[in-house]
Amino acid sequence: MSGRMIVDKAVKVVLFASAIISILIVLAIGFFIFRESLDAWAKIGISEMLFKSVWRPGQDQYGILAMIVGSVSVTFGAILMGVPLALGCAIFLAEIAPAGVQSIVRPAVQLLAGIPSVVYGLFGLVILVPMIRKLNVPGNSGFGLLASSIVLAVMILPTIASIAEDAIRAVPENYRQGSLALGATKWQTITKVVLPAGKSGIIAAIILGIGRALGETMAMIMVIGNSVIMPKPLTANPLTFFLSQARTLTGNIAVEINYATGLHANALFATGVVLFALIMIINASARWIITHDQRSSEKAR
Amino acid sequence: MNDSKLVTINYSLYYGNFQALKDINIKIPENKVTALIGPSGCGKSTFLRSFNRMNDLIPGVRTEGSVLLDGEDLFKMDPVALRQNVGMVFQKPNPFPKSIFDNIAYGPRVTGLKDRHKLEEIVERSLRSAALWDEVKDSLGKSGLELSGGQQQRLCIARALAVEPTVILMDEPAASLDPIATLRIEDLIHKLSENYTIVIVTHNMQQAGRVSDYTAFFYTDETRAGQLVEFDETKTIFTNPSDQRTEDYITGRFG
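It should be emphasised that the depicted structure is a prediction, and the values quoted were computed from it without experimental measurement.

J.: How would you summarise helix H6 (residues 149-161) of chain B if you had to cite specific residues and measurements?
T.: Here H6(B) spans 18 Å end to end across 13 residues, near enough to the 18 Å set by a 1.5 Å rise per residue. Of the positions making up H6(B), those classed as buried are Gly150(B), Gln151(B), Gln152(B), Gln153(B), Arg154(B), Leu155(B), Cys156(B), Ile157(B), Ala158(B), Arg159(B), Ala160(B) and Leu161(B).

Here's what the structure looks like:
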């Protein structure tokens, strides 16, 4: 066998090994977390953990429902604020901004993705929390769902904006031309043709943003307050729900794992399993939406 | 040709510093089919797109001279309103990924028509005019992308008719279709010319001969700026052209 044939074979083996190793790492992490959590599921009980909201490790009470609600609420808040902003960015970059403006705005948006999450936490702690504290509502500490939703909204902005921008750019140019040639305005073309045609990619972008939001830890610990309480409105006004403190699934693990032993540690691993499962469901649904839509549009062609 | 629908006067077009069209003077008659022919890169598609100002969408495009629609300067009109009067059919069928009904109703809807009954009327009338009604009347909810290529192109013609234009521009409308679908489109063009002014770009000499009443021959010299060499009735262009270059092109000596 000649030298370059040997190199060719060797490269193939090395690349295959790299792929296998990354799969093994995912499996190993999943297996490890799941094994460590087994005792918790067995001794505490699945429904006791998932559907009870009292978390008192000292008294062996390990309900994580409050944390599930905390994570879901802060993610919901972040989506509510972050998605319109991110889609606005994506539409502006893909459809409206001239090349010169794009070359300034796009790196600026992408820079947001590079800022360490602890810096976002600092920003929330020093700027947002004191501002929110000024709202005159009994029990309002400034820490809580509102501050953390705002921080998270900015953190997921670059993820959603860049994937949604790609989805919008992937819409065939001849759809735009067809619409404009029928006397539609640019904005009508965007809302009635381009966005519907890029729908699946845009939804995937939002779902990946949700996945990112669910997994965020450090910035959340710094601004959400971390009280293990079921978030609820502070007054009769339902909007004060967002002034409530909360704790996220991720925060629960990060705050307590250093001193947890025995069943308490097992319960934290079980928290990790729930998080792992949530994020896998989210990513799988993103993948399903993308491939499903591609298949149906290929069939049409 | 006394009833001129579209007129250009010393019309030139530049992409940045590159001149794509040079001093074009033409009078396109009303309710006739006018074919634009010429070798690739001679600017005939660019010229076609001047009539509905689709060239406006390309950054760096600049024009000189004037283009008149019914005697009025096109470049002083609102491009959105202009495009409702001057429809366009593209080379590759481009129905929206929407139902057949929504494809046709798109144009009327963007101008604000919401009445379902009126929309249904327009959809039926447009599909009948485009000779597609009998094939799709039972499946108006089906995606336009599920139709065959020829049906898609007739859908696009119906879609253009729905906004009631007076002019229809066609940019090689049969270039991506099989011979049978092509013949159907040509029949349709012939029928539509009773009520519409049609300007069609084509690479196919036989097609120009079959469908058009008038033919304009475009050519480009070493400056690469497209020029109008000759414009006359189609039978004159094909049997007795006055310019040697036209004759060479028609007889297939180049291009």
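J.: I'd like to hear about the packing of helix H3 (residues 100-110) of chain B against helix H4 (residues 116-129) of chain B, residue by residue, with values.
T.: All names here are of chain B. At their nearest, the axes of H3 and H4 sit 9 Å apart, and the two run at 110° to each other. When the interaxial angle is binned, H3 and H4 end up roughly perpendicular. Classified by chirality, the crossing of H4 by H3 is right-handed. Residues Ile 100, Phe 101, Ile 104, Ala 105, Pro 108 and Arg 109 of H3 form the contact with H4, whose participating residues are Arg 116, Leu 119, Glu 120, Ile 122, Val 123, Ser 126 and Leu 127. Of the residues in the contact of H3 with H4, the class split is nine nonpolar, one polar and three charged.

J.: An account of the interface of chain B and chain A is needed here, citing residue identities and associated values.
T.: Listed as interface residues are 25 residues of chain B and, on the opposing side, 17 residues of chain A. Summing both partners gives a buried area of about 1,800 Å² for chain B against chain A, and 63% of it is carried by carbon and sulfur. Among the residues chain B hides against chain A, the three largest losses belong to Tyr106(B), Val110(B) and Leu145(B). Together they make up 29% of the total. If you look at where chain B meets chain A, you find zero salt bridges. Linking chain B with chain A are six residue pairs in polar contact (both at pLDDT 80 or more). Counting only elements with at least two residues in the side of chain B that touches chain A, the list comes to helix H2 (79-85), strand S6 (86-89), H3 and H6 of chain B. Here the side of chain B that touches chain A is composed, by residue class, of 14 nonpolar, five polar and six charged.

J.: Which residues make up helix H5 (residues 117-133) of chain A, and what are the values?
T.: All names here are of chain A. With 17 residues, H5 extends 22 Å from end C-alpha to end C-alpha; this agrees with the ideal 24 Å at 1.5 Å per step. Along its length, H5 shows its largest kink, about 35°, at Gly 124. Along H5, the residues classified as buried are Tyr 120, Gly 121, Gly 124, Leu 128, Val 129 and Ile 132. Among the structural elements, helix H4 (99-114), helix H6 (145-169) and helix H10 (218-223) are those in contact with the buried residues of H5.

Quick notes on the rules
Residues numbered from 1 in each chain as written. Chains lettered and ligands numbered in written order. Predicted model: local features only at pLDDT ≥ 70, side-chain atom pairs only at ≥ 80, totals over all residues. Heavy atoms only, no water. Helix = DSSP H or I, 4+ residues; strand = E, 2+ residues; numbered from the N terminus. Expected span 1.5 Å × (residues − 1). Buried < 20%, exposed > 50% of the residue type's maximum accessible area, 1.4 Å probe, protein only. Axes fitted to C-alpha atoms, helices over the stretch in contact; angles between N-to-C directions. Parallel < 35°, antiparallel > 145°, perpendicular 65-115°, else oblique. Left-handed = near helix turned anticlockwise from the far one by under 90°. Contact = heavy atoms within 4.5 Å. Nonpolar A, V, L, I, M, F, W, Y, C, P; charged D, E, K, R; others polar. Buried area = accessible area lost by both parts, 1.4 Å probe. Salt bridge = Lys/Arg side-chain N within 4 Å of Asp/Glu carboxyl O. Polar contact = N/O pair within 3.5 Å; in protein donor to acceptor, adjacent residues only side chain to side chain. Bend = angle between axes of the 7 residues up to and from the residue.

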